[in-house]
Amino acid sequence: LGAKALSNRLLPSEEFDFGDCSLRYEQSLTSRLNGILEDYPADETILKELIQNADDAGASTVKFVLDGRDMRNQQTGLLNKEMSKWQGPALLAYNDATFSA
């Protein structure tokens with residue numbers, strides 16, 4: 001049918017009115033990103049998609065940087081203490097295209 005589930009879209013807090021019954025849907029950004037990452041295969045697919053997205057946006061440069069630092073013991077400046085477990089190594093992706101929504 002081509003209908004997309006709400007769980008597959010990044011939504012701010014939104015209200016849906018169904019007459020006498022209203023529903024409030026809310027999903028945190030970290031939960032949404034976690035869902036996206038779990039849906040990707042653990043291979044080079046994500047890199048290919050980042051390159052394709054950059055090409056689609058008209059980028060002439062794409063760079064990847066592997067940051068091997070482990071900052072899990074660094075808690076200064078985090079919004080929440082729970083975020084410390086995500087302060088490990090990271091892959092940074094850059095392209096020179098202008099972002100548009």
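Cut-offs applied
Residues numbered from 1 in each chain as written. Predicted model: local features only at pLDDT ≥ 70, side-chain atom pairs only at ≥ 80, totals over all residues. Heavy atoms only, no water. Helix = DSSP H or I, 4+ residues; strand = E, 2+ residues; numbered from the N terminus. Buried < 20%, exposed > 50% of the residue type's maximum accessible area, 1.4 Å probe, protein only. Contact = heavy atoms within 4.5 Å. Areas by Shrake-Rupley, 256 points an atom, 1.4 Å probe, with all protein chains shown as cover. pLDDT = per-residue confidence, 0-100. Salt bridge = Lys/Arg side-chain N within 4 Å of Asp/Glu carboxyl O. Patch = residues over 30% accessible without salt bridge, like charges linked within 9 Å, V, L, I, M, F, W, Y side chains within 5 Å. Expected span 1.5 Å × (residues − 1).

Turning next to the overall build of the protein. What the protein contains, in helices and strands, is two helices and four strands. Counting from the amino terminus, the protein carries its helices and strands in the arrangement β-β-α-α-β-β. A total of 101 residues make up the protein; the buried ones form 9% of that total. Here the analysis covers contacts within the protein between residues at least 6 apart in sequence; of these, 36% occur between residues at least 24 apart. Surface accessibility of the protein: about 8700 Å² in total, with carbon and sulfur atoms responsible for 54%.

This part covers the side chain of Ser 84. Note on placement: Ser 84 falls in the loop between β3 (62–67) and β4 (90–95). Of the residues examined, Ser 84 reaches a relative accessible area of 12% and is grouped as buried.

Glancing now at the confidence of the model for the protein. Here the protein averages 77 in pLDDT, and 74% of its residues register 70 or above. Per-element averaging of pLDDT across the protein places strand β1 (residues 14–18) at the bottom with 54 and β3 at the top with 93.

Tallied over the entire structure, the rule returns three salt bridges. Linking Lys 48 and Glu 44 is a salt bridge whose minimum nitrogen-to-oxygen distance equals 3.5 Å. Given the relative accessible area of 54%, Lys 48 is considered exposed. Overall, Glu 44 belongs to the partly exposed group, its relative accessible area being 43%. Glu 82 is the salt-bridge partner of Lys 85, the closest N and O atoms lying 3.6 Å from each other.

Attention now moves to a nonpolar patch on the surface. Taken together, the side chains of Leu 47, Leu 50, Ile 51, Val 62, Phe 64, Leu 66 and Leu 91 make up a nonpolar region of the molecular surface, amounting to roughly 570 Å² of accessible area. Elements represented by at least two residues in the nonpolar patch include exactly α2 (45–56) and β3. Counting through the fold element by element, Leu 91 comes out in strand β4.

A rise of 1.5 Å per residue sets the reference length of α2, with its twelve residues, at 16 Å; its end C-alpha atoms lie 16 Å apart and thus fit the reference within 8%. Where α2 ends, the next residue or the one after it, Gly 58, has phi of about 85°, a positive value.

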